Protein chains: 2
Amino acid sequence: MPEQHEEPEDPWKGDGGPAPDLQTYAVLLRRMNAEFNRLAQHFAHEHGLHLTDVQALIEILDADPGTAVTPGRLRERLQLTSGAVTACLDRLEKAGHVQRVRDARDRRVVHIHYAGRGRELARSSFRPLARSTEAAMRRLSDDELRTVARFLTLMGDELDAQSR
Amino acid sequence: MPEQHEEPEDPWKGDGGPAPDLQTYAVLLRRMNAEFNRLAQHFAHEHGLHLTDVQALIEILDADPGTAVTPGRLRERLQLTSGAVTACLDRLEKAGHVQRVRDARDRRVVHIHYAGRGRELARSSFRPLARSTEAAMRRLSDDELRTVARFLTLMGDELDAQSR
DNA sequence: TATATAAACTCAATGATTGAGATGTTCAAT
DNA sequence: ATTGAACATCTCAATCATTGAGTTTATATA
């Protein structure tokens, strides 16, 4: 029996065929997540940072402009103890990426702001991610892009709800 | 001027409106990735494991059935040093989740197999993820699901290529 | 004024990870 | 056969991020 070496260039391409099931999605999502983390880790190493530091920078970068980023917020978002957050911010501040600013109204809280090339650094950390995303986006129509964005939003909301 | 508090229940819903841009996608993807990691970390903690151990279990779970999982493979996939991989596998083996088996043909290499409740544990680690995914999937048509699967596949391929 | 709660920090202990090197294995060349 | 290079994994001491308990400073409540 000769090898049936089929090359599925672009699965789920046509309108026909079966719809992908949960298991398929799970694998696809896990794979993407793993690739993400690989990139993040690679970037971190390249800049003498730790994965935690990069995650913190992302959290600060993507924070809702209305919501101030505080050590406490990082604690719950990154699942760290307060000691770990302090150490992480010490590293980022010493490296000149962020700056701690005491809140004038409630002097217990500290706000984290970008300093120096922090924002630029955070953005550049996703240059490779952006490149990949762009490449993938180019192969979808506007209509399809809207569909995917809708799915990603739904997933984000669901996962957010799940973790509470 | 009264607050214009619009509530965008489900953005990108209609066929009209502008197509989402790269920046929008970047934020959505980063958000989802962060939520993933939160879930993974939570699960790890719940089972007395480390994030690294969970990532290893995933890697073993999702490995191409044809490709055997070896410490070396984990080393490059999880970006660890060989010492860290050994320690990780020691923990997983001692806990009875995996088993090391020397390859009969090339006695230098070790194959990692599930042992005891390892596979079940790995699967259960994604129960919450599966729940969220299912909920999100339910709100898309078969056609849309195919589109999203196509995007996820493209992203996975692009990221894979990027990290080399 | 006292008391409770809160946010962030300190610091010693823990333990995962690193990095250099050891061990055992395969393969090609001599 | 024997030597030597490449390889996969493991060992182990040192490093360093993280933990966990407790401290400090500030706010809110009675």
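That block above? That's the structure.
For every chain, the first residue of the written sequence is number 1, and numbering continues from 1 along that sequence. Starting at A for chains and at 1 for ligands, labels are handed out in the order in which the entities are written. Local features in a predicted model are, by the rule used here, given only for residues with pLDDT of at least 70; side-chain atom pairs are given and counted only at 80 or more, and totals for whole chains, interfaces and linings are based on all residues. Values reported for side chains reflect all heavy atoms of the structure, with hydrogen atoms and water molecules removed beforehand.

Trainee: Is there a simple way to explain the protein's contact with DNA strand C in this structure?
Mentor: Not every one of the 21 residues close to DNA strand C is listed here, only the nearest: Gly72 and Ser82 of chain A together with His50, Thr52 and Arg108 of chain B. The rule for a residue being near a molecule or strand is that one of its heavy atoms must lie within 4 Å of it. Among the atoms of DNA strand C close to the protein, meaning within 4 Å, 72% are from sugar or phosphate groups. Histidine 50 of chain B is positioned with one of its side-chain polar atoms (N or O) 2.7 Å from a phosphate oxygen of DNA strand C. Between DNA strand C and threonine 52 of chain B there is a distance of 2.5 Å, counted from a phosphate oxygen to a side-chain nitrogen or oxygen. Numbering of helices and strands runs from the N terminus; a helix is a DSSP stretch of H or I covering at least four residues, while a strand is a stretch of E covering at least two. Of all the elements in the fold, those that place two or more residues in the surface near DNA strand C are helix H3 (71-78) and helix H4 (82-94) of chain A together with helix H4 (82-94) of chain B. Polarity classes work like this: nonpolar for Ala, Val, Leu, Ile, Met, Phe, Trp, Tyr, Cys and Pro, charged for Asp, Glu, Lys and Arg, and polar for all others, with Gly in that last group. Class assignment for the residues of the surface near DNA strand C results in 5 nonpolar, 9 polar and 7 charged. Whenever a nitrogen or oxygen atom comes within 3.5 Å of another N or O atom, the pair is scored as a polar contact, on the condition that within protein one atom can donate a hydrogen and the other can accept it, and that pairs from neighbouring residues in sequence are kept only if both atoms are in side chains.

Trainee: I would appreciate a short explanation of the interface of chain B and chain A in the present structure.
Mentor: Should any heavy atoms of two residues lie within 4.5 Å, those residues are considered in contact. Taken residue by residue, the interface counts 73 residues in chain B and 73 residues in chain A. Summed over both partners, buried area is the accessible surface (1.4 Å probe) that two parts give up on being assembled. Summed over both sides, the interface between chain B and chain A buries roughly 7300 Å², with carbon and sulfur atoms accounting for 61% of that surface. Contact with chain A buries surface across chain B, with Arg30, Arg146 and Arg150 of chain B losing the most and accounting together for 11% of the total. Criterion for a salt bridge: a side-chain nitrogen of Lys or Arg within 4 Å of a carboxyl oxygen of Asp or Glu. At the boundary of chain B with chain A, the tally comes to 8 salt bridges. In this structure, the salt-bridge partner of arginine 31 of chain A is aspartate 160 of chain B, at a minimum N-O distance of 3.9 Å. Of all the elements in the fold, those that place two or more residues in the side of chain B that touches chain A are helix H1 (22-46), helix H2 (51-61), helix H3 (71-78), helix H6 (127-138) and helix H7 (142-162) of chain B. Broken down by element, the side of chain B that touches chain A gets its largest block of residues, 20 residues, from H7 of chain B. Of the residues that constitute the side of chain B that touches chain A, the class distribution is 32 nonpolar, 17 polar and 24 charged.

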